[in-house]
Amino acid sequence: MDRKKRLESRLVSLGIKNYRPFYLPYIDYTKEDFQSPYDVGCRLIILYAIYQAIDNIDMGYRYELCSWLTKENLWDKVSNYEKEILEEVSTSQHHRYVSGLSWYLESSLLLCWVLNIYKNIHDITSWVTEEQMEIFKKSIPEFGGETKDFLNNLKFRRLEEIYEENLLNELVTKYFLDLYDNRGKNDTQINEMENRARLTTLHWVRKFRGINKWDDSSRQYSIKFGPVR
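Everything quoted here is computed from the prediction, not taken from an experiment. (Residues numbered from 1 in each chain as written. Predicted model: local features only at pLDDT ≥ 70, side-chain atom pairs only at ≥ 80, totals over all residues. Heavy atoms only, no water.)

## What to know about the packing of helix 6 (residues 103-114) against helix 10 (residues 192-205)
For step 1, the next point in the chain: The geometry of helix 6 relative to helix 10 is characterised by a closest axis approach of 9 Å and an angle of 55° between their N-to-C directions. Taken together, helix 6 and helix 10 sit at an angle that is classed as oblique. In the crossing of helix 6 with helix 10, the sense of the turn from one axis to the other is right-handed. Every residue of helix 10 that contacts helix 6 at Trp103, Glu106, Ser107, Leu110, Leu111 and Val114 is listed here: Met193, Glu194, Ala197, Arg198, Thr200, Thr201, Leu202 and Val205. (Axes fitted to C-alpha atoms, helices over the stretch in contact; angles between N-to-C directions. Helix = DSSP H or I, 4+ residues; strand = E, 2+ residues; numbered from the N terminus. Parallel < 35°, antiparallel > 145°, perpendicular 65-115°, else oblique. Left-handed = near helix turned anticlockwise from the far one by under 90°. Contact = heavy atoms within 4.5 Å.)

Here is the structure:
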């Protein structure tokens, strides 16, 4: 019941007054099948690495990035779509992916929170601050560095916190979907891209509806952030 009240209070604080988790089993996290902290850490490194790659048009940089991920035994965890971007996207197509995958930064920051590297995550009404970015960069392995010790010592924050954040973003997404269907007015200050990035990321973390592959999660509910093949 405490989780239900917290969710309701958070929704109201965001300006969403008509969406409530009425079905109590819905807020029980104990039957969920979460990814391992190791796999979440691998995904964190990959997400941020690809975010850096799409911000750098030089193919030599991408080659070095692929080599590093291979050396650190992370290449097998890069999704097929991500491999295509790193290996095949031409410089003429680059601009399409810069905007299409800029949300990878938001997902990286969220996974830092999931792994309790961040004690707090910025609200979905705002963007990440420069101070938060500096903390983030100091908390993860540098490009080209070793990742083994980092990955082997990761632990989740409390699973109920992770699950509650996922439920909040599910309800926020439902609010937006209903809004579009009814051509209603958005009465919130919610950063919709932040909400979508969190929903996608947390659905992967908790293996929502059996999802295990990152590409499958990013396509859930037809939430397309980048060009569709």
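Now that the structure has been shown, the text picks up again.
## Focus on the packing of helix 2 (residues 37-54) against helix 6
For step 1, the next point in the chain: Two elements in contact, helix 2 and helix 6, have axes separated by 8 Å at closest approach and are oriented at 155°. Classified by the interaxial angle, the pair formed by helix 2 and helix 6 is roughly antiparallel. Relative to helix 6, helix 2 is oriented so that their crossing is left-handed. In this structure, helix 2 contributes Val40, Arg43, Leu44, Leu47, Tyr48, Ile50 and Tyr51 to the contact, and helix 6 contributes Tyr104, Leu105, Ser107, Ser108, Leu111, Cys112 and Val114.
For step 2, the next point in the chain: Taken together, the residues of the contact of helix 2 with helix 6 break down into 11 nonpolar, 2 polar and 1 charged. (Nonpolar A, V, L, I, M, F, W, Y, C, P; charged D, E, K, R; others polar.)

## Digging into the packing of aromatic side chains
For step 1, the next point in the chain: Evaluation of the coordinates by the stated rule reveals 10 aromatic pairs.
For step 2, the next point in the chain: Between Tyr48 and Tyr51, the aromatic rings sit 6.1 Å apart at their centres with planes inclined by 20°, giving stacked as the arrangement. Of this pair, Tyr48 and Tyr51 both sit in helix 2, 3 residues apart, roughly one helical turn.
For step 3, the next point in the chain: Note on Tyr48: relative accessible area 11%, which makes it buried.
For step 4, the next point in the chain: Seen from their ring centres, Tyr48 and Phe136 are 4.8 Å apart, and the 85° between their planes marks the pair as edge-to-face. You can see Tyr48 sitting in helix 2 and its partner Phe136 sitting in helix 7 (residues 130-139), a full 88 residues away along the chain. Both residues of the pair, Tyr48 and Phe136, belong to the buried class.
For step 5, the next point in the chain: Every member of this aromatic cluster is reached through a ring pair, and the members are Trp103, Tyr104, Trp204 and Trp214. (Phe/Tyr/Trp six-rings, centres within 6.5 Å; stacked < 30°, edge-to-face > 60°. Buried < 20%, exposed > 50% of the residue type's maximum accessible area, 1.4 Å probe, protein only.)

## Description of the nonpolar core
For step 1, the next point in the chain: Among the nonpolar cores identified, the biggest contains 63 residues, and Leu69, Phe136 and Val172 are the most heavily contacted of them.
For step 2, the next point in the chain: The dominant element in this core, judged by the number of residues it contributes, is helix 2, at 11 residues.
For step 3, the next point in the chain: Ignoring sequence-local partners within four residues, the contact set of Leu69 consists of Ile46, Leu74, Trp75, Val78 and Leu86. (Core = buried A, V, L, I, M, F, W, Y, C linked by side-chain atoms within 4.5 Å.)

## Quick word on the side chain of Arg198
For step 1, the next point in the chain: Along the chain, the position of Arg198 falls in helix 10.
For step 2, the next point in the chain: With relative accessibility at 2%, the residue Arg198 sits in the buried group.
For step 3, the next point in the chain: In contact with Arg198, not counting residues within four places along its chain, are Leu110, Ile121, His122, Asp123, Ile124, Glu165 and Asn169.

## A few points about unusual backbone geometry
For step 1, the next point in the chain: Backbone geometry places Arg183, a non-glycine residue, at a positive phi of 55°.
For step 2, the next point in the chain: Locating Arg183 in the fold gives a position in the loop between helix 9 (159-181) and helix 10.
For step 3, the next point in the chain: The class for Arg183 is exposed, based on a relative accessible area of 79%.

## Brief notes about the pattern of salt bridges
For step 1, the next point in the chain: Per the counting criterion, the structure on display carries 15 salt bridges.
For step 2, the next point in the chain: Where Arg206 meets Glu170, a salt bridge forms, and the shortest distance between an N and an O atom there is 2.9 Å. Of this pair, Arg206 sits in the loop between helix 10 and helix 11 (214-218) while Glu170 sits in helix 9, placing them 36 residues apart in sequence.
For step 3, the next point in the chain: The buried category is assigned to Arg206, whose relative accessible area is 7%.
For step 4, the next point in the chain: Note that Arg196 is salt-bridged to Glu192, the shortest N-O span being 3.2 Å. Of the two residues, Arg196 and Glu192 both sit in helix 10, 4 residues apart, roughly one turn of that helix.
For step 5, the next point in the chain: Overall, Arg196 belongs to the partly exposed group, its relative accessible area being 27%.
For step 6, the next point in the chain: A cluster of three or more residues bridged by salt bridges with shared partners is formed by Arg10, Glu165, Glu194 and Arg198. (Salt bridge = Lys/Arg side-chain N within 4 Å of Asp/Glu carboxyl O.)

It is worth stressing that arrangement in space is one thing and function is another; only the former is reported here.
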